[in-house]
Amino acid sequence: MLSYGKGFIIFLLIFWLIYQKRLQGKSGNYIFMAAVMAVYLYLVACVTILPIDFTLDLKWRYHESINFVYIHTKPFHDLFAGYAGAKKQIVLNIIMTIPFGFLYTALKKKINLSGVIMATFLLSLTIECFQLLTTIFLLHHRSCDITDLITNVMGGIIGYWCYQSYQSIHRNKKIQS
């Protein structure tokens, strides 16, 4: 089983390998923001992917009474069907990617809204595909959901707007000083 602790160590190692050259010559503030982004991405992995159980029990199957669907292609189906927890799921998915939109914009500096939308979409698509693959091949209980893609992108947009607002307020304070 890939637990949270092992996952964190692997994640830190991957982060270090990818960013060791990219962070050379960067400011302390930039390095701090990159580290915050790395921890944030790990926490997102904890919520959406980890732990991963690699033990394959071929006797185990979903009970026939459970109507499990691997891919939900109708946006907001759970909400319109009145399923318990659908509103909470939507709100949590939006909240989950607000920090990504904020931090990604802070790290890229010269990025527009469409760039943040694309990056957030790719992050969300990666999560959803990973959930689908682990469900199919490792018999997990997660599904791929179009609603998650939409709400995650909405969160990224809100994060982008929050960073733009923060920058505007910060610039106004500098002008007034």
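Residues numbered from 1 in each chain as written. Predicted model: local features only at pLDDT ≥ 70, side-chain atom pairs only at ≥ 80, totals over all residues. Heavy atoms only, no water.

Within the chain one finds 6 helices and 2 strands. Along the chain, from the amino end to the carboxyl end, the secondary structure elements read α-α-β-α-α-α-β-α. Looking at the chain as a whole, 34% of its 177 residues qualify as buried. Summarising the internal contacts of the chain: among those between residues at least 6 apart in sequence, 78% fall at separations of at least 24. Just so you have it, the chain exposes about 11700 Å², and 68% of that area is on carbon and sulfur atoms. (Helix = DSSP H or I, 4+ residues; strand = E, 2+ residues; numbered from the N terminus. Buried < 20%, exposed > 50% of the residue type's maximum accessible area, 1.4 Å probe, protein only. Contact = heavy atoms within 4.5 Å. Areas by Shrake-Rupley, 256 points an atom, 1.4 Å probe, with all protein chains shown as cover.)

Turning to unusual backbone geometry, a few remarks are in order. Although it is not a glycine, Phe76 adopts a positive phi angle of roughly 60 degrees. With respect to the element layout, Phe76 can be found in the loop between strand E1 (71–72) and helix H3 (77–81).

Attention now moves to the environment of Tyr40. Tracing the sequence through the fold places Tyr40 in helix H2 (residues 28–48). Between the C-alpha atoms of Tyr40 and Thr97, which are 57 residues apart in sequence, the distance is 9.6 Å. Contact partners of Tyr40, with chain neighbours within four places excluded, come to Met96, Thr97, Pro99, Phe100 and Leu103.

Core analysis: the largest hydrophobic core is formed by 21 residues, its most contacted members being Met37, Tyr40, Phe100 and Tyr104. When residues of this core are traced back to their parent elements, those giving at least two are H2, helix H4 (86–108), helix H5 (113–138) and helix H6 (146–176). In contact with Met37, not counting residues within four places along its chain, are Phe100, Leu103, Tyr104 and Leu107. (Core = buried A, V, L, I, M, F, W, Y, C linked by side-chain atoms within 4.5 Å.)

Another aspect to go through is the packing of aromatic side chains. Summed over the entire model, instances satisfying the criterion amount to 4 aromatic pairs. With 5.2 Å between their ring centres and 80 degrees between their planes, Phe102 and Tyr163 make a pair best called edge-to-face. Here Phe102, found in helix H4, pairs with Tyr163, found in helix H6; they are 61 residues apart in sequence, far enough to count as distant. According to the relative accessible area criterion, Phe102 is partly exposed, its value standing at 24%. Look at Tyr163 and you get buried, because its relative accessible area is 6%. Arranged with centres 6.2 Å apart and planes meeting at 40 degrees, the rings of Tyr163 and Tyr166 form a pair that is tilted. Taken as a pair, Tyr163 and Tyr166 lie in helix H6 at a separation of 3 residues, close to a single helical turn. Overall, Tyr166 belongs to the partly exposed group, its relative accessible area being 43%. (Phe/Tyr/Trp six-rings, centres within 6.5 Å; stacked < 30°, edge-to-face > 60°.)

Per-residue confidence for the chain gives a mean pLDDT of 82; residues scoring 70 or more make up 83%. No element of the chain has a lower mean pLDDT than helix H1 (residues 4–19), at 74, and none a higher one than H4, at 94. When the criterion is pLDDT under 50, residues 62–66 qualifies, and its contacts beyond four places in sequence or with other chains add up to 5 contacts. (pLDDT = per-residue confidence, 0-100.)

Relative to the 30 Å expected for 21 residues at 1.5 Å per residue, H2 spans 30 Å between its end C-alpha atoms, a close match to the ideal helical length. Considered for burial, the residues of H2 that qualify are Met33, Ala34, Met37, Ala38, Tyr40, Tyr42, Val44, Ala45, Cys46 and Thr48. (Expected span 1.5 Å × (residues − 1).)

Quick look at the packing of H2 against H4 now. Running from amino to carboxyl end, H2 crosses H4 at an angle of 155 degrees, the nearest separation of the two axes being 10 Å. Viewed along their axes, H2 and H4 adopt a mutual orientation that is roughly antiparallel. Two packed elements cross with a definite hand, and for H2 against H4 that hand is left-handed. Residue-level contacts link Tyr30, Met33, Ala34, Val36, Met37, Tyr40, Leu41, Val44 and Thr48 of H2 to Met96, Thr97, Pro99, Phe100, Leu103, Tyr104, Ala106 and Leu107 of H4. Its residues assigned to classes, the contact of H2 with H4 comprises 15 nonpolar, 2 polar and no charged. (Axes fitted to C-alpha atoms, helices over the stretch in contact; angles between N-to-C directions. Parallel < 35°, antiparallel > 145°, perpendicular 65-115°, else oblique. Left-handed = near helix turned anticlockwise from the far one by under 90°. Nonpolar A, V, L, I, M, F, W, Y, C, P; charged D, E, K, R; others polar.)

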